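# Coordinate inspection notes
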Amino acid sequence: YYPCGKDSYFNQIRKYMLNLIIDQPFFAKLRTKDQLGYRVGFYSKTIRDDIYLIAKVQSEKDTKHILDRMKIFFDEFNDILLNMYNKTWNNWKKTVEKNLKKRYESTKSLFSKFSNDIFNRKCRFNSREMLMKELKSLKLSHIQEYYQKNVLNSKKKKIIQVLKRI
């Protein structure tokens, strides 16, 4: 678990963008190439007023080996972010914009989107507009800094190890 600060539109758009960019390479490297486990993913979660990025590897392999491979991936991913072309960055921004403009397909998807706000009595039903506003001013350097602070060099990360019973 990587704590990424308080829930705000400023942090939400950064979390959303970083999660979108890192998810597939994380899976491809740690699950497909390194074959660390059968459940590998990178996702985000908001708990009460706190935002977290979560790197999950469910495996029977040694924890130290998994953490070493994750460290290698995170270092390599930092290089990817630092060397990203403007065209690639703009394509990511267009993808996020398209996703934010996408219509909810069902009541279930609408509820899923707003359930955290409803349960926490925030009622931020204009979140799309606010996130679009944040997206317009979002720069690649913001994501690079966000990643370096909250993942690569995090002093607050929590490692949860669940051992199987024998």
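Before any of the text, the structure's been laid out above.
The following paragraphs examine the structure supplied in this document. (Residues numbered from 1 in each chain as written. Predicted model: local features only at pLDDT ≥ 70, side-chain atom pairs only at ≥ 80, totals over all residues. Heavy atoms only, no water.)

So, on to the sheet that holds strand 2 (residues 39-47). Read from one edge to the other, the open sheet built from 3 strands follows the order 1-3-2, with strand pairing classed as antiparallel. Because the sheet does not close on itself, it has two edges, and the strands there are strand 1 (2-6) and strand 2. Shown here is a sheet whose adjacent strand axes are inclined to one another by a mean of 15 degrees, direction ignored. Sheet strands touched by helix 2 (residues 63-82): strand 1, strand 2 and strand 3 (50-58). Its angle to strand 3, the strand with the most contacts, is close to 120 degrees. (Pairing = 2+ DSSP bridges. Helix = DSSP H or I, 4+ residues; strand = E, 2+ residues; numbered from the N terminus. Axes fitted to C-alpha atoms, helices over the stretch in contact; angles between N-to-C directions. Contact = heavy atoms within 4.5 Å.)

Turning our attention to the packing of aromatic side chains. Under the definition given, this model contains 10 aromatic pairs. Both rings, one in Phe73 and one in Phe74, keep their centres 5.7 Å apart while their planes meet at 65 degrees; by these two values the pair is edge-to-face. Among the residues examined, Phe73 registers a relative accessible area of 3% and is labelled buried. According to the relative accessible area criterion, Phe74 is buried, its value standing at 5%. For the pair Phe73 and Phe77, a centre-to-centre distance of 5.8 Å together with 20 degrees between the ring planes defines the contact as stacked. Here Phe73 and its partner Phe77 are both found in helix 2, 4 residues apart, which amounts to about one turn of the helix. In terms of burial, Phe73 and Phe77 fall into one category: buried. What links up through ring pairs into an aromatic cluster is the set Tyr2, Phe26, Phe42, Phe73, Phe74, Phe77 and Tyr147. When the ring centre of Phe10 is taken as origin, the NZ or CZ atom of Arg14, which lies over that ring, is 3.6 Å away. (Phe/Tyr/Trp six-rings, centres within 6.5 Å; stacked < 30°, edge-to-face > 60°. Buried < 20%, exposed > 50% of the residue type's maximum accessible area, 1.4 Å probe, protein only. Lys NZ or Arg CZ within 6 Å of the ring centre and 35° of its normal.)

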